[in-house]
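# Observations on the model geometry
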There are 2 protein chains.
Amino acid sequence: MKKVPRISESEWMVMRVLWERSPLTANEVVERLSSKARWKPKTVKTLIDRLVKKGAVKFEKEGRRHKYYPAIGRDECIATERQSFLRRVYGGITKPMLAAFLEDAELSADDIAELKEILEQKAEE
Amino acid sequence: MKKVPRISESEWMVMRVLWERSPLTANEVVERLSSKARWKPKTVKTLIDRLVKKGAVKFEKEGRRHKYYPAIGRDECIATERQSFLRRVYGGITKPMLAAFLEDAELSADDIAELKEILEQKAEE
DNA sequence: GACGTTGGATTACATGTGTAATATTTTATG
DNA sequence: CATAAAATATTACACATGTAATCCAACGTC
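Now for a quick tour of the structure. (Residues numbered from 1 in each chain as written. Chains lettered and ligands numbered in written order. Predicted model: local features only at pLDDT ≥ 70, side-chain atom pairs only at ≥ 80, totals over all residues. Heavy atoms only, no water.)

## Examining the protein's contact with DNA strand C
Residues and elements named next belong to chain A.
- Close to DNA strand C lie 22 residues; S8, T43, T46, R50 and K54 are nearest.
- Close to the protein, within 4 Å, the atoms of DNA strand C are drawn from sugar and phosphate at a rate of 63%.
- Here K42 contributes a side-chain N or O atom positioned 3.1 Å from a base oxygen of DNA strand C.
- Within the side chain of T43, one N or O atom sits 3.5 Å away from a phosphate oxygen of DNA strand C. (Near = heavy atom within 4 Å. Polar contact = N/O pair within 3.5 Å; in protein donor to acceptor, adjacent residues only side chain to side chain.)

Here you go:
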C-alpha cells in the first residue's frame, strides 16, 4: 500500500478531470476546468506541476507537448480523504454522521434500494 | 446563517476539546490534548490564539487567566466540513460515496434501523 | 517593594496553497 | 534562418499552517 500524497482543494479539481479522462495535455486540462473554475491557464499549469512534483500525476512527452495522467488511484485518494475527514471531525465514522449524509443526499429510487441493501447485509453480521 | 471560519486540522483538535467541555483555561486545554497530540504548550496556545482571531473561540478573563469557550457550533462546523469534503472529492454527495461510508461503518442494529428509516422517508419524496 | 513564576502577547520560520507573471525553450511559418 | 507562437520552466508573493521560542506583564512571596 503506497501512501498517497496530500492533495489540496484546488489540486483535487485537476485530479478529478484527469481521473475522468486521460492522458490530457495541459491545455486540455485547462479547457475541461474552464467550466468549473475560473483560473488563468498559468494557474492550472502550476497546479499540474505541483501534482507532478508530489507524484500524483505523471506525463509522457509527445513531441513538445506533455500528456498528463494520474499516477495514483482515485479510490485510494478518496479513501484517504474520507478517513482524514472522519478522524478530524467525528473521530471516526458515526451513525449521526451517516444520518446527516443521507439526509443531505439526492438519491434515486434505485440508489435508495441499493443502500438499504447494504444496511440489510450489515444487519445480518 | 453565519459563516463558519475555516478550521485547520490541528485547530480541530482544540475545538473538539472545547466542544466537549468548556470553558477551559489554556492550560486545561493543553492538559486535555496531551493524550491526543504531543504538542508543546506554546503550540497549543498558538492554536487557541488563531481560533480566537478567526472568531471560532471566545474567552472571558477570570483574574489573569482566560477561560476559553467555543463561539461557533459543532454541528455547523461539521456540516461545513462535510460539504467541503464532498464537493472536493465527489463533487457532491453521491450514491457510491454513501455506499463506501456505509460499508466502512460499525453500526448497531438500532443504528441500521434508523438509517433505513431515513432512506424510506427519502423514497417517498 | 524586588523578584521569580506563570500566563498571555508577540515574533519566528519553514512549508503549503492560491493565484499568477515572467522567462526560456521549442516549433511552426514566412 | 529569423521570428512569432506556443508550451514548458522558473520565479513571485501574500496568506495559511505546523510548530514553537522569546518577550512582557501581573501576581504571589519574602
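After presenting the structure, the write-up continues.
## Digging into the interface of chain A and chain B
- Every contact between the two is made by 39 residues of chain A and, on the other side, 38 residues of chain B.
- Summed over both sides, the interface between chain A and chain B buries roughly 4,300 Å², with carbon and sulfur atoms accounting for 66% of that surface.
- The salt bridge involving R88 of chain A is made with E81 of chain B; its shortest N-O contact spans 3.5 Å.
- Viewed at the interface, chain B and chain A are joined by 17 residue pairs in polar contact (both at pLDDT 80 or more).
- Sort the elements by how many residues they give to the side of chain A that touches chain B and helix α4 (residues 74-89) of chain A lands first, with 11 residues.
- Residue composition of the side of chain A that touches chain B, grouped by class: 20 nonpolar, three polar and 16 charged. (Contact = heavy atoms within 4.5 Å. Buried area = accessible area lost by both parts, 1.4 Å probe. Salt bridge = Lys/Arg side-chain N within 4 Å of Asp/Glu carboxyl O. Helix = DSSP H or I, 4+ residues; strand = E, 2+ residues; numbered from the N terminus. Nonpolar A, V, L, I, M, F, W, Y, C, P; charged D, E, K, R; others polar.)

## Examining the protein's contact with DNA strand D
- If you check the shell around DNA strand D, you find 22 residues, and the closest are N27 of chain A together with S8, T46, R50 and K54 of chain B.
- Of all DNA strand D atoms lying within 4 Å of any protein atom, the proportion belonging to sugar or phosphate reaches 60%.
- Between a phosphate oxygen of DNA strand D and a side-chain N or O atom of K54 of chain B, the distance comes to 2.8 Å.
- Counting only elements with at least two residues in the surface near DNA strand D, the list comes to α2 (26-33), α3 (41-54) and β3 (65-70) of chain A together with α1 (9-20) and α3 (41-54) of chain B.
- Among the elements that make up the surface near DNA strand D, the one with the highest residue count is α3 of chain B (six residues).

## What about the relation of the copies chain A and chain B?
- Note on the identical chains: chain A maps onto chain B by a rotation of 180° and an axial translation of 0.2 Å, with an RMSD of 0.6 Å. The symmetry that links the two subunits is that of a two-fold axis. Judged by C-alpha distance, K116 of chain A is the residue of chain A that lies nearest the rotation axis, at 3.2 Å.
- The residues that chain A uses at the interface reappear at the interface of chain B in 97% of cases, marking a shared surface. (Least-squares fit on C-alpha atoms with pLDDT ≥ 70 in both.)

## Focus: the packing of helix α6 (residues 109-124) of chain A against helix α5 (residues 95-104) of chain B
- Following both chains from N to C, one finds α6 of chain A and α5 of chain B inclined at 10°, their axes separated by 10 Å at the closest point. Judged by the inter-axis angle, α6 of chain A sits roughly parallel to α5 of chain B. For the pair α6 of chain A and α5 of chain B, contact is made by D111, E114, L115, I118, L119 and K122 of chain A and by K95, L98, A99, L102 and E103 of chain B, respectively.
- The class makeup of the residues in the contact of α6 of chain A with α5 of chain B is six nonpolar, no polar and five charged. (Axes fitted to C-alpha atoms, helices over the stretch in contact; angles between N-to-C directions. Parallel < 35°, antiparallel > 145°, perpendicular 65-115°, else oblique.)

## A word on the pattern of salt bridges
All names here are of chain A.
- Using the criterion set out here, one finds 18 salt bridges over all chains in the structure.
- Across the pair D49 and K45 runs a salt bridge whose closest N-O atoms are separated by 2.9 Å. Here the residue D49 and the residue K45 both occupy positions in helix α3, the gap between them amounting to four residues, near one helical turn.
- Accessibility expressed as a relative area gives 37% for D49, which makes it partly exposed.
- Taking relative accessible area as the criterion, K45 reaches 30% and is therefore assigned partly exposed. (Buried < 20%, exposed > 50% of the residue type's maximum accessible area, 1.4 Å probe, protein only.)

## Details of the packing of aromatic side chains
- The tally for this structure, following the rule as stated, stands at eight aromatic pairs over all chains.
- Here F85 of chain A and F101 of chain A contribute two aromatic rings whose centre-to-centre distance is 6.3 Å and whose plane-to-plane angle is 70°, an arrangement assigned as edge-to-face. Linking F85 of chain A in helix α4 with F101 of chain A in helix α5 (residues 95-104), this pair joins segments that are 16 residues apart in sequence.
- Each residue in the set F85 and F101 of chain A together with F85 and F101 of chain B is aromatic and connected to the rest through ring pairs, giving one cluster.
- Taking NZ or CZ as reference, R82 of chain A lies 5.4 Å from the ring centre of F101 of chain B, over its face. (Phe/Tyr/Trp six-rings, centres within 6.5 Å; stacked < 30°, edge-to-face > 60°. Lys NZ or Arg CZ within 6 Å of the ring centre and 35° of its normal.)

## Some words on a negative patch on the surface
- A cluster of acidic residues, E103 and E106 of chain A together with E117, E124 and E125 of chain B, forms a negative patch at the surface.
- Positionally, E106 of chain A belongs in the loop between α5 and α6. (Patch = residues over 30% accessible without salt bridge, like charges linked within 9 Å, V, L, I, M, F, W, Y side chains within 5 Å. Areas by Shrake-Rupley, 256 points an atom, 1.4 Å probe, with all protein chains shown as cover. Lys, Arg positive; Asp, Glu negative; His and termini not counted. Charge placed at Lys NZ, Arg CZ, Asp CG, Glu CD.)

## Remarks on the pairing of β3 of chain A
Residues and elements named next belong to chain A.
- The pairing of strand β1 (residues 24-25) with β3 spans two bridges and is antiparallel. Within β3, the residue paired with L24 across the bridge is Y68.
- In this sheet, β3 lies alongside strand β2 (residues 57-62) in antiparallel orientation, the contact comprising six bridges. Bridge pairing in β3 links K61 to H66.
- Where β2 folds back onto β3 in an antiparallel hairpin, the turn is made up of two residues, including G63, whose phi is positive at roughly 70°. (Pairing = 2+ DSSP bridges.)

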